[in-house]
Every structure is written in C-alpha cells, then in structure tokens.
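# Observations on the model geometry
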Amino acid sequence: MSHERTVEIDAVSHDFRMKGDHVQALSNISFDIEPGQFLCLAGPSGCGKTTLLRLLAGFMTPTEGMIRVDGVPVTKPAADRGVVFQQPNLFPWLTVQENVELGPKLRGVKASQRKADAERFLHMVGLADFAARRPYELSGGMQQRCQIARVLTNDPDIVLMDEPFGALDALTREHLQNELLEIWRATGKTIVFITHSVDEAVFLGSRVMVMSPRPGRIVLDRAAVFSRPDEPIAPERLRALPEFLAVADEVRTAIHTAPLSRAS
Ligand SMILES: Nc1ncnc2c1ncn2[C@@H]1O[C@H](COP(=O)(O)OP(=O)(O)OP(=O)(O)O)[C@@H](O)[C@H]1O
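Residues numbered from 1 in each chain as written. Predicted model: local features only at pLDDT ≥ 70, side-chain atom pairs only at ≥ 80, totals over all residues.

## Let's talk about the site of the ligand
- Contacts to the ligand come from 13 residues, most closely from Phe16, Ser45, Lys49, Thr50 and Thr51.
- Looking at the shell around the ligand, the elements that each hand over two or more residues are β1 (7–18), β2 (21–33) and α1 (49–57).
- The dominant element in the shell around the ligand, judged by the number of residues it contributes, is α1, at three residues.
- A breakdown of the residues in the shell around the ligand according to their chemical character gives five nonpolar, six polar and two charged. (Near = placed C-beta within 6 Å. Helix = DSSP H or I, 4+ residues; strand = E, 2+ residues; numbered from the N terminus. Nonpolar A, V, L, I, M, F, W, Y, C, P; charged D, E, K, R; others polar.)

## Here's the deal with unusual backbone geometry
- For the peptide bond that leads from Arg214 to Pro215, omega is -5 degrees, which places it in the cis range.
- Although it is not a glycine, Ala11 adopts a positive phi angle of roughly 50 degrees.
- Tracing the chain through its elements places Ala11 in strand β1.
- Unusually for a residue other than glycine, Glu163 sits at a positive phi of about 45 degrees.
- Inspection of the secondary structure puts Glu163 in the loop between β7 (158–162) and α5 (170–187).

## Overview of the environment of Asp169
- Structurally, Asp169 is set in the loop between β7 and α5.
- Along the backbone, Asp169 and Thr61 are 108 residues apart, and their C-alpha atoms lie at a distance of 34 Å.

## A word on the environment of Met211
- Note that Met211 resides in strand β9 (residues 207–211).
- Put simply, Met211 and Ser45 are 166 residues apart on the chain and 10.0 Å apart in space, counted from C-alpha to C-alpha.
- Not counting residues up to four positions away in its chain, the partners in contact with Met211 are Leu41, Gly43, Cys47, Gly48, Lys49, Gly216, Arg217, Ile218 and Val219. (Contact = placed C-beta atoms within 7 Å.)

## Side note on the domain arrangement of the chain
- For the chain, the assigned domains read domain 1 (7–80 + 157–257) and domain 2 (91–155).
- Between domain 1 and domain 2, the C-alpha centre-to-centre distance is 25 Å.
- Taken together, the contacts link 11 residues of domain 1 with nine residues of domain 2.
- A total of five residues in the side of domain 1 that touches domain 2 trace back to one element, the largest contributor, which is α5.
- Here the residues of the side of domain 1 that touches domain 2 are counted per class, giving eight nonpolar, two polar and one charged. (Domains from an automatic or database assignment.)

## Section: the sheet that holds β1
- With antiparallel pairing, four strands are arranged side by side in an open sheet as β2-β1-β4-β5. Whereas interior strands pair on both sides, the edge strands pair on one side only; in this sheet they are β2 and β5 (72–73).
- Bridge analysis of β1 against β2 gives nine bridges, and the strand direction is antiparallel. By the bridge assignment, Ile9 is partnered in β2 with Phe31.
- Of the strands in this sheet, β1, β2 and β4 (64–69) are in contact with α1, which crosses β1 at around 115 degrees. (Pairing = 2+ DSSP bridges. Axes fitted to C-alpha atoms, helices over the stretch in contact; angles between N-to-C directions.)

## What about α5?
- The terminal C-alpha atoms of α5 lie 25 Å apart, and with 18 residues this matches the ideal 26 Å at 1.5 Å per residue to within 8%.
- When α5 is considered as a whole, its buried residues turn out to be Leu176, Gln177, Leu180 and Trp184. Buried residues of α5, viewed axially, fall in a sector of 110 degrees; they line one side. Opposite the packed face of α5, turned more than 90 degrees from it, sit the exposed residues Leu171 and Ala186. (Expected span 1.5 Å × (residues − 1). Buried ≥ 20, exposed ≤ 12 C-beta atoms within 10 Å, placed from the backbone. Arc of directions from axis to C-beta.)

Below you can see the structure in the form of structure tokens.
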C-alpha cells in the first residue's frame, strides 16, 4: 500500500549550460502535489515538461530552488519514485516475467514474493498470459503495459510518466488510458503524467497543468473533476460531456495563448 507522500516543488528554475551557451528550461516553478493526485502536465514542445519530470525523478537537481518529498530534498533517484518512459526499454534477453521481477530481485526481495508481485501486476495490465514471452514477441502497447507492470512491481509511491502512450496507435492508447485509470483507482498511487494530448490530459487527470513556452512556467492549474475514483463514468460518455469539452477547450486555449517569455 502506498505511503502518503506530498511532493513540494519550491521555486524551481533549471538552466542547461553548454560550451558558451545556456538554455533556461524552467523558471521559478512552485506547487505541491498531494498524495493520490493524478496530475497531467501539458504544454508546447520544449517548454520543460521532461526537465521537470527528470528533476522529480532525481536524475538531476535544479539550478535554483528545491524539490522535496515529505520534506526530504530530492537529490537522486529513489525507489519511492518510479519512471515510465515513452519507449518501453525492456531487456530483450529477459522474459516479460523476468523484466518485471528485475527491480525487486536487485533489491533482494525473496523469489516467492517477487514472483507473486510480478504476477499480480502482470494480471493488472492484462499480460498474465504473456509472462513467458520475450519483449520482441509483444506489440508496442503490450511492451508499454509490461513497462508499467515493471514500475508498479517496485511499489513506488509516485509514478512519473513521460508521454508513455505517445508512440501508440489511437485505439491502443485509449485502451491503456482506461487501464491506467483502473490501476490508479486500485492502487491510489500519485501519478505525474506528461502528454501532448489535451483530450488525454483532461480524461486522465484529477488535476491538469499547462506550462508556457520556454522557460517553462505554470500558466494553468485546475482540477479536472472527471476521473473521480468514487464515480467512474464510461469513457465515451465522459468525453462527450459538455463540461469535459469546456475544460478541454480551456486547456487548449491556455496552451495556444501562453505568453512567450522575453528571457527565452
Ligand atoms: N540535456 C540537455 N541539454 C541542453 N538542453 C536541454 C537538455 N534537455 C533539455 N534541454 C532543453 O531544455 C528545453 C526543455 O526541454 P524538455 O525536453 O524539458 O521539453 P519538453 O516540454 O519535454 O519537450 P517535448 O514536449 O518536445 O518533449 C528545450 O529547449 C531543450 O532543448
């Protein structure tokens, strides 16, 4: 079961410095993420979404400001934060089951326990019958499901997802969106999800944020009341609701009218 971890993003700015050049990717971002929130982050290409996710993961530290999880500064990756990348990056020589068990195995979890955990999450993502297959025998959507199972088997409190469905066809993408909502409802994990799709952000998020063009700042931050765990609505119905379309329109407008910074 997840611990209740609050994430604080406190006055975070981030610059990339290269030989004689410098790119300001994020500018003075502050917000908190409550435990169990499904936060979708949208914004134009290059606005710093991935940079923010990498900072949350602890792959790098901000140039200014600080990120804390339950008051503890994030300075490196840790097991309480799992990352799902756009490309599944599974180990091709391992079976699906072995890929999913790898994290717990490296952490010294007992074989019987990690087998049971892997089976539970493979079942949750609909891959129970494919445990003995190798990644190349799976479709792109199945590989992405496997990556999600692998991350969940590590039992992170916070799941960071960088456009995980961006490379998938529309039908597979919708299937996985529905599955991810089910998983979120079943596990109560905190999810931070990057997407270019307004529909996806509003459909999945319990909160939707829009970032401005570089350097990224938050230009919209609103609750999206649709993915409520207590009252699931059929996806087709939800997407046709006038309220859904109005929020999608608000998000789209924020993306298209976000001011360009003079500093960029
Ligand atoms: N390692 C790096 N070195 C130098 N500049 C970088 C690096 N990573 C990102 N940047 C720059 O920082 C800015 C933000 O990049 P980032 O990948 O965070 O944007 P993004 O919003 O995720 O974009 P996209 O939606 O296209 O994936 C961009 O201008 C990018 O060129």
